[in-house]
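What the coordinates show
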Amino acid sequence: MSKAPRLYSPYDAPMWESIAQGQMKLQRCPDSGVFRYPPGPMCPVSLSMDYEWTPISGKARIISWTVFHRQYLPAYPAPHLVVAVQLEEGPIMVSYMDYSERESIALDAPVRMVYADHPDGYRVPKFTLDR
Amino acid sequence: MTTAALDTNTSQIAAVAGVGHTDWVEDYRRVRNGEKPYDSYGYAALAFKRALEDAGITRDDVDGLIVGPTTAYERMGEILNIDPRWGGQADAVQAVFQAVMAIKSGMAEVVALVYGNDQRSAAVQYGGPQAMGGGSFLSYVYHSPWGLTSQGALYALMFQRYKELRGVTDRDLGQVAVGQRQWANLNPNAIMRGKPLSLDDYLAVKYIAEPLRMNDYCLINDGGVALIVMEASRARRVSSKAVAIHGLGRSDLNHHATSLGPRLMDFYLPAQQQAAEQVYAQAGIGPKDMDALLVYDSFSPHIFFALEGFGYCRPGEAAKFIRDNGIGVGGKLPVNTHGGHLSESYMQGWSHQVEAVRQVRGNLGDRQVQDCRFVQYVSDVAGKAMSIIYGR
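My aim in this report is to walk through the structure given alongside it, one point at a time.

What counts, and at which threshold
Residues numbered from 1 in each chain as written. Chains lettered and ligands numbered in written order. Predicted model: local features only at pLDDT ≥ 70, side-chain atom pairs only at ≥ 80, totals over all residues. Helix = DSSP H or I, 4+ residues; strand = E, 2+ residues; numbered from the N terminus. Contact = placed C-beta atoms within 7 Å. Pairing = 2+ DSSP bridges. Axes fitted to C-alpha atoms, helices over the stretch in contact; angles between N-to-C directions.

Time to look at the environment of Gln 89 of chain B. Residues and elements named next belong to chain B. Note on placement: Gln 89 falls in strand E3 (residues 86-89). When the C-alpha positions of Gln 89 and Leu 65 are compared, they lie 8.4 Å apart, and in sequence the two are 24 residues distant. Every residue in contact with Gln 89, bar those within four places of it in the chain, is listed here: Ile 66, Val 67, Pro 69 and Tyr 73.

Dropping the structure here:
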């Protein structure tokens, strides 16, 4: 049985649908050009309530990481490598990488988005080093 | 921009006339033994009675009530039988701010601040599938589809980047847990009293969310705290032990909070610096005048960011400051002299207010900071930087 990720606002649903289709999209403000993450009702820069769901490139750089040495969530046995990356489009996004890449990561290392299957039955965007 | 004509002074408007708390050590033992001494309301009620007694006033003197975030306002007021002319609900630091504001505006004169939390016996989850806190801070829950959960892991992410940028080591971070444990060993109310912690002991424990280890995390225990905050001149009349509030400062960073921008890119520094400027201007003193520093320490990295943000050292130099000066027993800057959340009791900032008052009052035995005139409290929970200066 497959479960959807929890939605924290109506704006999360289209994002998760785009992830399911293998091409993550975020809201882009037509006035300021700013991408919103997490998705939300208003552009924090222009205060415009308009947006276009725009594909992102999947290119990003690592800004930090933490390794969980203890299992908290059923989907992620330890060790689990969580990363914070800055997307080429601007927003910071929390995601994860395979633990096998632990020794190769560094601040500012370029990474690219790939899609993985969450055990609950939905797709999640994760990252891998962009060599 | 602010309006010049407003009277913004918060110095010596109010004073803490009484403090009270529950028996953290005994209740920790009992709860681990499967007992449930009280629920959150019971802990709060007991702390309230002790605070009233400490202040030398009666319940009927109270005309303002603030309850902590873990209990319902109305039910707490019903249990304590307080029908105030002003009230609210707030976390520890905001409760003190609100009490000062209420007193300054004449809305209330004797405010009871009451907190109880049965988080251990009630098995409150701070991480995992049932993690709490999402109603207040979306960042606490939003990233769990990727495996990021628990507030400790948020500080792990924050401190990993700081370590990379500043060249800080695990040994540097360990100084916080080790120093606070030294203080806890002088505090009869500290749950970790009698359990000395050396740096080697600290390093020998495995990571939880790297680079944080078990001793970088706060305790989880049941308990309650209460404070009686009164109009300053009245407090001095009723009690020779009243400790004045000399200033308040606050600055929040909400932009990009859920995607962790202020946490990861700024380490909350701009907010801390603004709050520092305000609180020091109010009190007319600065970090060099403080006899002790009390920092909200759900996790040990808070101490690094507080030292830098509030001007005790320059940004990026907290590790060096701690090495050169010392923050534990015998150090030049006593930090979290009760043992803090790491080693005394996790009362979500409330027990720090009690310790500040007691240090300024004096006669704290082995852990008394000599000639303690001013104590600064700092908290940076989720980018809300706030500070209070307590003094004679």
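Next comes the rest of the write-up.
What follows covers the sheet that holds strand E11 (residues 384-391) of chain B. As a general point, the strands of a sheet are linked pairwise by backbone hydrogen bonds and lie either parallel or antiparallel. Residue and element names in this part refer to chain B. The strand order across the open sheet built from nine strands is E3-E2-E4-E7-E1-E8-E11-E10-E9, with neighbouring strands paired in mixed fashion. The two strands at the open ends of the sheet, each matched to only one other strand, are E3 and strand E9 (292-295). In this sheet, neighbouring strand axes are inclined to one another by 25° on average, regardless of whether the strands run parallel or antiparallel. Relative to strand E7 (residues 223-231), strand E4 (residues 110-117) is paired through eight bridges, and the arrangement is antiparallel. Note that in E7 the partner of Leu 113 across the bridge is Leu 227.

All names here are of chain A. Within the secondary structure, Asp 31 sits in the loop between strand E1 (25-28) and strand E2 (35-36). Sequence separation between Asp 31 and Asp 50 is 19 residues, and the spatial gap between their C-alpha atoms is 8.3 Å. Setting aside chain neighbours within four positions, we find Asp 31 in contact with Cys 43, Ser 46 and Ser 48.

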